[in-house]
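So you can see what is in the structure, the chains are spelled out below.
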Amino acid sequence: MKSNMLDRADQQILDILIENSRASLIEIAEKVGLSRVAVKNRIAVLEQKGVIERYTVILNPEKVGRNVSVFFDLQIQPACLKEAAQRLSREEAVTDIYLMTGPSKLHVHAVLEVNQDLDEFVMEKLYSLPGIEHVGTDIIVSRIKTRKGLRI
């Protein structure tokens, strides 16, 4: 996907950083055909504009003992959506929360160690949310494609 808001060099820099955020300025400069200083300045501008929000490490959940990956679709009374989302955002197991179209719906991803943790999470954390009306649960059987960050 190509962005009309970024020039070709910025897009190439971002593609390199998405693949390896630890790539050196020299390595990026060589691949893009710019000087190290030009690359450094472009990255600084992308950071200042909020195009690059942060640099992070992506862990394989299974390699750190988190074997149960699950998506929840939560239907919540409209007046309680904000509070429910705030409570969920404080839960360590929760990785993502989205407000979705439809009847007051939150889409939540969580990663837990074992099925017993899933049972406890649903019973103690989700069913106790204010205004909860419905909990839909989809357990991930296997990862086919995972993409972190937007590709442009």
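So, here is what we can say about the structure in this document. (Residues numbered from 1 in each chain as written. Predicted model: local features only at pLDDT ≥ 70, side-chain atom pairs only at ≥ 80, totals over all residues. Heavy atoms only, no water.)

Some points on the environment of Thr 146
Put simply, the rule reads: Helix numbering and strand numbering both begin at the N terminus, where a helix is a DSSP run of H or I of at least 4 residues and a strand a DSSP run of E of at least 2. Exposed residues in this analysis have more than 50% of their type's maximum accessible area, buried residues have under 20%, and partly exposed residues fall in between, with area computed by a 1.4 Å probe over protein chains only.
By the element assignment, Thr 146 lies in the segment after β4 (132–139). Residue classification places Thr 146 among the partly exposed positions, given a relative accessible area of 45%. Considering only alpha carbons, one finds Thr 146 and Lys 63, 83 residues apart in sequence, at a separation of 16 Å.

Section: the nonpolar core
Operational definition: What makes a nonpolar core is a set of buried Ala, Val, Leu, Ile, Met, Phe, Trp, Tyr and Cys residues whose side-chain atoms join them at distances within 4.5 Å. Only heavy atoms matter for contacts: two residues are in contact if any of them lie within 4.5 Å across the pair.
Core analysis: the biggest nonpolar cluster contains 21 residues, and Phe 72, Leu 74, Leu 88, Leu 106, Phe 121 and Leu 126 have the highest contact counts within it. Of all the secondary-structure elements, those providing two or more residues to this core are β1 (68–76), α4 (81–89), β3 (105–112) and α5 (115–126). Ranked by residues supplied to this core, first place goes to β1 with 5 residues. The residues contacting Phe 72, other than those within four sequence positions of it, are Leu 106, His 107, Val 108, Ala 110, Leu 118, Phe 121, Val 122, Leu 126, Val 135, Gly 136 and Thr 137.

Here's the deal with the pairing of β3
The condition is simple: Here a strand pair is declared whenever DSSP counts at least two bridges between the two strands.
Extensive coverage of β3 is indicated by the burial of 7 of its 8 residues. By the bridge criterion, 8 bridges tie β1 to β3 in an arrangement that is antiparallel. The partner of Val 70 across the bridge, within β3, is Ala 110. Both strand β2 (residues 94–100) and β3 contribute to a ladder of 6 bridges, which runs antiparallel. Bridge pairing in β3 links Asp 96 to His 109.

Description of the side chain of His 107
How we decide: In protein, a polar contact requires one atom able to donate a hydrogen and another able to accept it; more generally it is a pair of N or O atoms within 3.5 Å, and residues adjacent in sequence count only if both atoms are side-chain atoms.
As for its position among the elements, His 107 is in strand β3. Of note is the side chain of His 107, whose polar atom sits 2.7 Å from the side chain of Asp 73. Among all residues touching His 107, those that are not within four sequence positions of it are Phe 71, Phe 72, Asp 73, Asp 96, Ile 97, Tyr 98 and Met 100.

Focus on a nonpolar patch on the surface
Basically, it comes down to this: Patch definition: residues with relative accessible area over 30% and no salt bridge; like charges joined within 9 Å; nonpolar side chains (Val, Leu, Ile, Met, Phe, Trp, Tyr) joined within 5 Å. Reported accessibility uses the Shrake-Rupley method at a 1.4 Å probe radius. Residues are deemed covered only where the shown protein chains occlude them. We define a salt bridge as a side-chain nitrogen of Lys or Arg found within 4 Å of a carboxyl oxygen belonging to Asp or Glu.
Residues Val 57, Leu 59 and Val 64 make up a contiguous nonpolar surface patch of roughly 310 Å² in combined accessible area. Assignment of secondary structure puts Val 57 in the loop between α3 (36–48) and β1. What makes Val 57 exposed here is its relative accessible area of 65%.

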